[in-house]
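Report on the structure
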Amino acid sequence: MGKLSFYRQARQDGGVRTAIEVNEDTVLHHFEEGGDESDPSLLWWVDLRCEGPGLPKGAEEARRWLLTHAGSIKEGFGRLAEKLHAGLDVDLYPLQWSDFHGLPKRVKATAVCSAIRRVTARDIATVVRGLAGHWEEIIANLPALPAAATGG
Amino acid sequence: MRQVVLDSALLVAHWNRCRRGPLERYREPDVAGWAQKLIAIERSDAIVTPVVLELTCGVLSKRGLQLTRAYLGEFMVIDQGAVLNEDWREALRLAARVPRNGKARDLGDCLIRAIANRLNHEVSTPDKSFPS
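Scoring rules and cut-offs
- Residues numbered from 1 in each chain as written.
- Chains lettered and ligands numbered in written order.
- Predicted model: local features only at pLDDT ≥ 70, side-chain atom pairs only at ≥ 80, totals over all residues.
- Axes fitted to C-alpha atoms, helices over the stretch in contact; angles between N-to-C directions.
- Helix = DSSP H or I, 4+ residues; strand = E, 2+ residues; numbered from the N terminus.
- Parallel < 35°, antiparallel > 145°, perpendicular 65-115°, else oblique.
- Left-handed = near helix turned anticlockwise from the far one by under 90°.
- Contact = placed C-beta atoms within 7 Å.
- pLDDT = per-residue confidence, 0-100.
- Buried ≥ 20, exposed ≤ 12 C-beta atoms within 10 Å, placed from the backbone.
- Pairing = 2+ DSSP bridges.
- Expected span 1.5 Å × (residues − 1).
- Arc of directions from axis to C-beta.

Turning next to the packing of helix α2 (residues 28-42) of chain B against helix α4 (residues 62-72) of chain B. Residue and element names in this part refer to chain B. Following both chains from N to C, one finds α2 and α4 inclined at 40 degrees, their axes separated by 8 Å at the closest point. Taken together, α2 and α4 sit at an angle that is classed as oblique. Between α2 and α4 the crossing geometry is right-handed. Listed contacts from α4 to Glu 28, Val 31, Ala 32, Trp 34 and Ala 35 of α2 are Gln 66, Leu 67, Ala 70 and Tyr 71.

This is the structure we're talking about:
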């Protein structure tokens, strides 16, 4: 059973981390610096967690898989954003959403999102809608980690 | 795993959410399971020494201490118990920043943020008064 995860998380200082993990090892990663005063506490995070047979094992394979299935992922994120905008509550516990259509059989995909502090469900809806709208661009432009960093 | 420190408030809130009734009805594997559930949700098992201290300070009985140790034992203390001078200095700097709302800062929160920053981790907290 393989695991493939995408996540994006925003810090209080404005920094945003985006990454892809294969079997819990980070293989693609980008960090946009925030303000001068470093504050690592998270404002929100959104994960896409996929589990099942036949998932990719390497960085570029993972990128291709997420681009190949972009339509299903974007459509799922779009519906999740609508639910969030309608007032679905994201409180202390992260919201888990598994209603993705059109992915390979036996692959289970779950979007998990959490908002902290003053971030509302509507703010998260905007984030998720942004992921849906720019999915291919985000995935295509994520830098690979150097081989030493991935243990490869 | 995400590089995120889970703070004391998050661990306590999760414990309280899992617990139903008196602690005497639970065994160590039960609370270890609660911890594993939180680790799976957050995709991180990272905590820091002040989190261990804060949870231990909240214990009210011998049985509570045994179960708290079993719960904490599932997490990884990423500073390995080594709180450095620079962590204390940074915590003091954070403590000295009086927010506009005038709310008092918490020693543990300041130290958690300082250590997480040094170890390049983000902090997951439900605590609205976490120092910023």
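Averaged over every residue, the pLDDT of chain B is 93; residues scoring 70 or more account for 96%. Across the predicted assembly, pTM comes out at 0.88 and ipTM at 0.85.

Take the pairing of strand β1 (residues 2-11) of chain A next. Residues and elements named next belong to chain A. Within β1, eight of the 10 residues are buried, leaving the element largely enclosed by the surrounding structure. Sheet analysis places β1 next to strand β4 (residues 42-52), joined by 10 bridges and oriented antiparallel. Each residue of the ladder has a partner; that of Tyr 7, found in β4, is Asp 47. Linking two consecutive strands that pair antiparallel, namely β1 and strand β2 (residues 16-22), is a turn of four residues; a positive phi of about 95 degrees is found at Gly 14 within it.

Turning to the sheet that holds strand β6 (residues 108-115) of chain A, a few remarks are in order. Strand pairing in a sheet relies on backbone hydrogen bonds, with the paired strands running either antiparallel or parallel. All names here are of chain A. Strand order in this open sheet of six strands is β3-β2-β1-β4-β6-β5, and the pairing throughout is antiparallel. Each edge of the open sheet is held by one strand with a lone partner, namely β3 (25-32) and β5 (95-97). Here the average twist between neighbouring strands, direction ignored, is 10 degrees. Strand contacts of helix α3 (residues 121-133): β1, β4 and β6, with the helix running at about 50 degrees to β4, the strand carrying the most contacts.

Let us now look at the interface of chain B and chain A. Counting residues at the interface gives 18 residues for chain B and 15 residues for chain A. Put simply, the parts of the chain that give the side of chain B that touches chain A at least two residues each are α6 (107-118) and β4 (122-124) of chain B.

It is worth spelling out helix α2 (residues 70-85) of chain A at this point. Since the α-helix advances by 3.6 residues per turn, residues separated by three or four positions end up pointing in the same direction. Residues and elements named next belong to chain A. With 16 residues, α2 extends 22 Å between its outermost C-alpha atoms, agreeing within 8% with the 22 Å of an ideal straight helix rising 1.5 Å per residue. Buried within α2 we find Ile 73, Gly 76, Phe 77, Leu 80, Ala 81 and Leu 84. Down the axis of α2, the smallest arc covering the buried residues is 140 degrees, so these residues share one side. Looking at the buried side of α2, the elements it contacts are β4, α1 (59-68), β5, β6, α3 and α4 (135-141). Following α2 by one or two positions, Gly 87 adopts a phi angle in the positive range, close to 115 degrees.

The next point concerns the pairing of β3(A). All names here are of chain A. In this sheet, β3 lies alongside β2 in antiparallel orientation, the contact comprising seven bridges. Residue Arg 17 lies in a different strand from β3, and its bridge partner there is Phe 31. From the end of β2 to the start of β3, which pair antiparallel, there are two residues, and Asn 23 there has a positive phi angle of about 45 degrees.

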